Amino acid sequence: MIKLTGIHKTYVLDSGEEVKALRGIDLEIKEGEIFGVIGLSGAGKSTLIRLINMLERPTSGTVEVNGVELTSLNEGRLREERSKIGMIFQQFNLLSSLTVAQNVAFPFTLGSKKLPKNEIKKRVTRLLSMVGLEDKAEVYPAQLSGGQKQRVGIARALATEPKILLCDEATSALDPKTTASILKLLTDLRDRLGLTLVIITHQMEVIKECCDRVAVLDGGVISELAPTLEIFSNPKKDLTKRLVASAVRRDIQDLMEHTRFHKDYESGDGLIVELLFLGDKANDPVIVEVAEKTHAGISIIGGSINHIKKVPLGILVVRIQGDLETIQRALSELESRVLRVTVYGYNGARERD
C-alpha cells in the first residue's frame, strides 16, 4: 500500500546550513492497517507524513503508494494520485467564512471534474452523517467545539473517497475524552470504508488506543518498529521505554523515584519487584496463589491495568517479604507465571532511617 525506500530529506537554511530531517527511512505500511508514527518534537514526523502525499519531495529515495511511484510523476499526474490520499490536521484548517456543509463540499469545487449541485449536496449529507454532524450542516466553524471541527475535517478529507487517510497530530489539540471519540470514529471509518490510516502523534495514549503497528522516530531514523502490543510490553530502545512509561507507568515511575533500594538482603527486608501481565493473566489471582504456595508475604505497592488494542496489560509493583529462601522461592514462582519480572532491590528499615 505505502512503501518508502531509502528516504532522505535535507533542508537548506538561508544561512546555507543543512538540516537532515530524515536519514534513510525504509518503511512499508500494509493495506487496511492503522499505522502510528511517534517521536519527540523535531524527530521528523511531520516531514515523513508530508512525503507520503508528496507535499514534500524527498532529497533522495522513492515513495510508492498503491503501486505508483509518486516521486517519478509530473505535477499533473501527482495531483491526480494525491486526490486519492486524504489528510487531517492538528488545527483543523477549516474555512471560517464557509458553513460546515460548504467546508465539506470544498474539494468538489477543485479540479476539472465538477459535480452537479444536487450530487454534491447528496454526498455532503452522507459524509456529515458518517461523522455524526448531519444537524450542523448550516452552522459555521466558530460555533463548533474542537471535536466537532475535527469531525468536519475528517468528512472533508473523505470527500474524494480516498483509500488512505493521513492524520498529522489530529488529536493533540483535543481533550482526552474528545480524543477518544475521534479515535473511535477513525477506527470505525477504517473498518467501514476499508481505509489505511497513518497517524502521526507525540501522544503514546493515541498509539495505545488504535494503532496496529508503530514506528518510533528518533533523530530522523526509525529506531524501533513493531506491533503496538509488543512495543508496550517489551520496548527495546531507551526512547521507546520512556514513551511507554509516560503512558502506562507514570504513577509507578514517580513512586519508584522516591523509593531507596539496596542489593543485599538483611532480616526484615522486602524485595521490591515489578510484574508485567499480558492478556488473561492480567485478571488472574496470581499474587494470592503465589503467596499461598510459598508462604511469602506479598503486598501491592502500586499498579495499573491498561488496554492495548483491547488486550489487557497489567503492571504491579509488589513487596515480597519473608526470609531470604522464601523470597527467592516466591520470586521464582512469579517469574514462571507472568510475562516479565523486573527486580528493583531490597527495601527495609535502613531506607526509612
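Scoring rules and cut-offs
- Residues numbered from 1 in each chain as written.
- Predicted model: local features only at pLDDT ≥ 70, side-chain atom pairs only at ≥ 80, totals over all residues.
- Heavy atoms only, no water.
- Pairing = 2+ DSSP bridges.
- Helix = DSSP H or I, 4+ residues; strand = E, 2+ residues; numbered from the N terminus.
- Axes fitted to C-alpha atoms, helices over the stretch in contact; angles between N-to-C directions.
- Contact = heavy atoms within 4.5 Å.
- Salt bridge = Lys/Arg side-chain N within 4 Å of Asp/Glu carboxyl O.
- Buried < 20%, exposed > 50% of the residue type's maximum accessible area, 1.4 Å probe, protein only.
- Phe/Tyr/Trp six-rings, centres within 6.5 Å; stacked < 30°, edge-to-face > 60°.

Asks: So what exactly am I meant to see when it comes to the sheet that holds strand E12 (residues 297–308) here?
Replies: By way of backbone hydrogen bonds, the strands of a sheet pair with one another, either parallel or antiparallel. With antiparallel pairing, the four strands of this open sheet are ordered in space as E12-E13-E11-E14. Looking at which strands have only one partner, the edges of the open sheet turn out to be E12 and strand E14 (340–347). Neighbour-to-neighbour, the strand axes of the sheet open up by a mean angle of 15°, direction not taken into account. Of the pairings in the sheet, the one linking E12 to strand E13 (residues 311–321) comprises eleven bridges and is antiparallel in character. Along E13, the bridge assignment pairs Ile308 with Val311. On the sheet, helix H12 (residues 324–335) packs against strand E11 (270–278), E13 and E14 and is oriented at approximately 160° with respect to E14.

Asks: Sorry, what's going on with the pattern of salt bridges here?
Replies: Between side chains of opposite charge, pairing is possible as soon as their charged atoms come close. Throughout the structure, instances matching the rule amount to 21 salt bridges. The partner of Glu56 in a salt bridge is Lys9, and the shortest N-O contact between them spans 3.6 Å. Note that Glu56 is positioned in the loop between helix H1 (45–52) and strand E4 (60–65) and Lys9 in strand E1 (residues 2–12), a separation of 47 residues in sequence. Taking the relative accessible area as the measure of exposure, Glu56 reaches 18% and is therefore buried. Judged by its relative accessible area of 10%, Lys9 falls in the buried class. For Glu80, the salt bridge is made with Arg77, and the minimal N-O distance between the two is 3.8 Å. You can see Glu80 and its partner Arg77 sitting in helix H2 (residues 75–82), three residues apart, about one turn around the helix. The class for Glu80 is partly exposed, based on a relative accessible area of 43%. Bridged by salt links that share partners, the residues Arg77, Glu80, Glu81 and Lys84 form one connected network.

Asks: Could you clarify how one ought to interpret the packing of aromatic side chains in this entry?
Replies: In total, this model carries two aromatic pairs according to the counting rule given. Taking 5.6 Å as the distance between ring centres and 15° as the angle between the ring planes, the aromatic pair formed by Phe261 and Tyr344 counts as stacked. One end of the pair, Phe261, is in the loop between helix H10 (250–257) and E11; the other, Tyr344, is in strand E14, and 83 residues separate them in sequence. Take Phe261: its relative accessible area is 28%, and that puts it in the partly exposed class. A relative accessible area of 26% means that Tyr344 is categorised as partly exposed. A ring pair is formed by Tyr265 and Tyr346, whose centres lie 5.6 Å apart and whose planes are at 65°; its orientation type is edge-to-face. With Tyr265 in the loop between H10 and E11 and Tyr346 in strand E14, the pair connects residues that are 81 residues apart, well separated along the chain.

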